[in-house]
Amino acid sequence: MLTLSLEEFMIELNEGSIKNVGPTNKSATVKLFDVESAEAREFGDKRVKLVFDDEDGNEIQVSLFPEDVRKLVSDIEKLEDDSPVFE
């Protein structure tokens with residue numbers, strides 16, 4: 001299941017073209033639940049791409065620098081040690 005929340009979002013649709021309307025203060029939150037597959041791979045010379053898919057064909061890709069990946073790995077290792085999630 002994919003949820004998408006868009007804030008302060010307005011577009012203009014004119015003859016098949018989409019154009020931003022209004023100020024550039026837009027933001028979005030995307031959540032993907034019931035992930036069926038997850039993988040990590042190289043993305044360019046300096047990043048790691050995490051790719052998550054669900055059974056409905058929704059996909060989220062996240063590009064991170066190595067230091068962010070290391071922090072994420074550290075957070076997961078702490079959860080493995082301290083959280084009942086991994087029991």
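First, a word on scope: everything that follows refers to the structure included in this document.

Thresholds, definitions, all that
- Residues numbered from 1 in each chain as written.
- Predicted model: local features only at pLDDT ≥ 70, side-chain atom pairs only at ≥ 80, totals over all residues.
- Heavy atoms only, no water.
- Helix = DSSP H or I, 4+ residues; strand = E, 2+ residues; numbered from the N terminus.
- Buried < 20%, exposed > 50% of the residue type's maximum accessible area, 1.4 Å probe, protein only.
- Contact = heavy atoms within 4.5 Å.
- Pairing = 2+ DSSP bridges.
- Axes fitted to C-alpha atoms, helices over the stretch in contact; angles between N-to-C directions.

Backbone geometry at Glu15 places phi at a positive 50°, although glycine is not the residue there. With respect to the helices and strands, the residue Glu15 is situated in the loop between β2 (11-14) and β3 (17-20).

What follows deals with the environment of Ser37. Relative to the helices and strands, Ser37 resides in strand β5 (residues 35-43). Taking relative accessible area as the criterion, Ser37 reaches 34% and is therefore assigned partly exposed. Look past the residues within four positions of Ser37 in its chain and what remains in contact with it is Val51, Phe52 and Asp53.

Turning to the sheet that holds strand β7 (residues 59-64), a few remarks are in order. Strand pairing in a sheet relies on backbone hydrogen bonds. The paired strands run either parallel or antiparallel. Sheet architecture is open: 3 strands sit in the order β5-β6-β7, paired in antiparallel fashion. Bordering the open sheet on either side are β5 and β7, each of which pairs with just one other strand. Sheet twist, expressed as the average angle between the axes of neighbouring strands with direction ignored, equals 15°. Here strand β6 (residues 47-54) pairs with β7 via 6 bridges, running antiparallel. Note that in β7 the partner of Leu50 across the bridge is Val62. The strands that helix α1 (residues 66-82) touches are β6 and β7; relative to β7, the one it contacts most, it runs at about 110°.

Note that Ser83 resides in the segment after α1. Given a relative accessible area of 14%, Ser83 falls into the buried group.

Interpretation in functional terms is not warranted from these geometric data alone.
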